[in-house]
Amino acid sequence: MAQQTKKEIHFLADTVNVDEKNRIVEIGKEGEIPYYAFYCKCISPYDSIVSFTYYKKDSSLNIKDVIPDYNFMTWKDFSDIISKEGNHLSKVYLIYITEVLPGNKYKTNKVDLVVRRPPTVDYQIIKSPNN
């Protein structure tokens with residue numbers, strides 16, 4: 001099987017210049033793991049938002065004083081690809097999110113999709129003999 005080259009996706013996540021009521025992404029940390037959480041339930045089973053994580057140790061090396069010269073994808077195009085590829089997204093694409101920082105700085109991180117497993121059924125319905 002020939003190895004295929006992954007396509008790159010670049011997305012600009014701006015929480016500095018976008019009003020909180022109009023944001024589509026949350027940037028934060030869960031314990032020591034930094035994440036980008038998009039307010040989009042666009043991967044089956046459509047019960048949780050789409051999240052990406054990255055390695056924090058690589059992050060500080062990617063801070064620039066000017067906006068990187070990437071061909072940034074629109075949210076519509078990015079969400080369409082997320083919906084189409086689902087949990088296989090990181091297998092098909094290399095995904096980079098550039099975060100707008102205060103003071104006109106920009107940080108680009110290579111991210112991976114957080115794959116959510118389907119819920120586990122941990123119960124059994126016992127039917128009575130009369131049914």
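Bear in mind that the values here come from a model prediction, so they are computed numbers and not experimental data. (Residues numbered from 1 in each chain as written. Predicted model: local features only at pLDDT ≥ 70, side-chain atom pairs only at ≥ 80, totals over all residues. Heavy atoms only, no water.)

Caption draft 1: Expanded view of unusual backbone geometry. The phi torsion at N104 lies on the positive side, around 55 degrees, for a residue other than glycine. Mapped onto the elements, N104 comes out in the loop between β6 (93-101) and β7 (105-113). (Helix = DSSP H or I, 4+ residues; strand = E, 2+ residues; numbered from the N terminus.)

Caption draft 2: Quick peek at the state of the cysteines. Under the definition given, this model contains 1 disulfide. Across the disulfide, C40 is cross-linked to C42 (sulfur-sulfur distance 2.0 Å). (Disulfide = S-S within 2.5 Å.)

Caption draft 3: Seen up close, the environment of D80. Note on placement: D80 falls in helix α2 (residues 75-85). Considered as a pair, D80 and C42 are 38 residues apart in the sequence and their alpha carbons are 8.6 Å apart.

Caption draft 4: Broad picture of the nonpolar core. Ranked by internal contacts, the top residues of the largest apolar core, which has 21 residues, are F38, F52, F78, I82 and L89. Breaking this core down by element, the ones donating at least two residues are β1 (7-13), β3 (33-38), β4 (50-53), α2, β6 and β7. Once you skip the residues sitting within four places of it in the chain, L89 turns out to touch F52, I81, I82, I95 and L113. (Core = buried A, V, L, I, M, F, W, Y, C linked by side-chain atoms within 4.5 Å. Buried < 20%, exposed > 50% of the residue type's maximum accessible area, 1.4 Å probe, protein only. Contact = heavy atoms within 4.5 Å.)

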